[in-house]
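Inside the fold
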Amino acid sequence: SRLYDQFGYGFIQDVALYKFKYENLNRKKSTVPNEVIDVETSIQLLPIYNTYKKTLTLSQNRGIRDFEHLLKEVHSENGHVVVVPDGYVIYYDFGDIFVRECIYTSDEGLMNILDYIGSIAGEKPIQWQMPKNNALKHLIPHIKEHERLEKPFMMARILHVETLLE
């Protein structure tokens, strides 16, 4: 973000956190093909991520080991990683559904993720974190009636991942 660049903090980007209920989106419920991902099947995430990161101003290079570590981290926090056609989503069910990462290669992929999250959320509120310049804001009718927070997000690097996971 240009706001942080002038102070030498170009590695900080604003993210938006949306809070809404799926039922308020006026979308017809649909069943989305999906596959729960574990460490052995994490290779499926790599091409989706590599295509998506070309659209980002701030991203990291990830390899298969990075995805394996990411899955171990998410699973250790009782999170879920699910692949849908043209995308994947990392989320937690803590009463509210919290979407940590939403990666997609097409608009249809974003819609698939949105419908998948809606199918598991039911009546629960959804908290969805995405880069500030995302398409989700165009999919939520009457966006001003829903909560939207902007907050800085800092890219960080853990040098000793194995030590962290122990």
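Along each chain, residue indices are assigned from 1 in the same order as the chain's sequence is written. Residues qualify for local features only when their pLDDT is at least 70, as the model is predicted, and side-chain atom pairs are given and counted only at 80 or more; totals for whole chains, interfaces and linings, by contrast, use all residues. Processing note: side-chain calculations cover all non-hydrogen atoms of the structure and skip hydrogens and water entirely.

**Describing the overall build of the protein chain**
In this description a helix means any DSSP run of H or I spanning at least four residues, a strand means any run of E spanning at least two, and both kinds are numbered starting from the N terminus. If you tally the helices and strands in the protein chain, you get five helices and seven strands. Should any heavy atoms of two residues lie within 4.5 Å, those residues are counted as being in contact. Pairs at least 24 residues apart make up 67% of the contacts formed inside the protein chain by residues separated by at least 6 positions. For the area figures, the Shrake-Rupley method with a 1.4 Å probe applies, and any residue is considered shielded solely by the protein chains shown. Here the protein chain has roughly 9800 Å² of accessible surface; of this, 52% comes from carbon and sulfur atoms.

**Some points on helix α3 (residues 64–76)**
Every α-helix winds through 3.6 residues per turn, so residues three or four apart in the chain are directed the same way. Taking 1.5 Å per residue, 13 residues should reach 18 Å; α3 reaches 18 Å between its end C-alpha atoms and fits that length. All of the buried residues in α3 are Phe67, His69, Leu70, Leu71 and Val74. Residue Asn78 follows α3 closely and has a positive phi angle near 60°. To estimate the expected span of a helix, count its residues, drop one, and scale the result by 1.5 Å. Whether a residue is buried, partly exposed or exposed follows from its accessible area with a 1.4 Å probe, protein chains only, as a fraction of its type maximum: under 20%, in between, or over 50%, in that order.

**Comments concerning the pairing of strand β6 (residues 126–131)**
Of all the six residues making up β6, six are buried; the element is thus mostly covered by neighbouring parts of the structure. Crossover handedness is defined by viewing with both strands directed away from the observer: a clockwise path from the first strand over the helix to the second marks the crossover as right-handed. For the crossover that starts at strand β5 (residues 96–104), traverses helix α4 (residues 107–121) and ends in the parallel β6, the hand is right-handed.

**Considerations on the packing of aromatic side chains**
Two rings belonging to Phe, Tyr or Trp (six-membered ring only in the last case) form a pair when the distance between their centres is within 6.5 Å. Interplanar angles under 30 degrees mark stacking, angles over 60 mark edge-to-face geometry, and anything in between is tilted. Scanning the entire structure with this criterion turns up six aromatic pairs. Among the aromatic residues, those joined into a ring-pair cluster are Tyr49, Phe67 and Tyr88.

**Details of helix α2 (residues 45–52)**
Among the residues of α2, Leu45, Leu46, Ile48, Tyr49 and Tyr52 are the ones counted as buried. What you see down the axis of α2 is that its buried residues fit within an arc of 165°, all on one side. Buried residues belonging to α2 abut α3, β3 (79–84), β4 (87–94), β5 and β6. Here, the arc refers to the directions that run from the helix axis to the C-beta atoms.

**Focus on the pattern of salt bridges**
Any Lys or Arg side-chain nitrogen located within 4 Å of an Asp or Glu carboxyl oxygen qualifies as a salt bridge. Evaluation of the coordinates by the stated rule reveals three salt bridges. We note a salt bridge from Arg100 to Glu73, for which the minimum N-O separation is 3.0 Å. Residue Arg100 is located in strand β5, and its partner Glu73 is located in helix α3; the two are separated by 27 residues in the primary sequence. Classification of Arg100 by relative accessible area gives partly exposed; the value is 24%. The class of Glu73 is partly exposed, set by a relative accessible area of 27%.

**Topic: the packing of α2 against α3**
A fitted line through C-alpha atoms serves as each axis, taken over the contacting stretch for helices, and the angle formed by two N-to-C directions is quoted from 0 to 180°. Two elements in contact, α2 and α3, have axes separated by 10 Å at closest approach and are oriented at 105°. In this view, α2 runs roughly perpendicular relative to α3, as classed from their interaxial angle. For the pair α2 and α3, the contacting residues are Leu45, Leu46 and Tyr49 in the first and Ile64, Phe67 and Leu71 in the second. Working rule for angles: under 35 degrees goes down as roughly parallel, over 145 as roughly antiparallel, 65 to 115 as roughly perpendicular, anything else as oblique.

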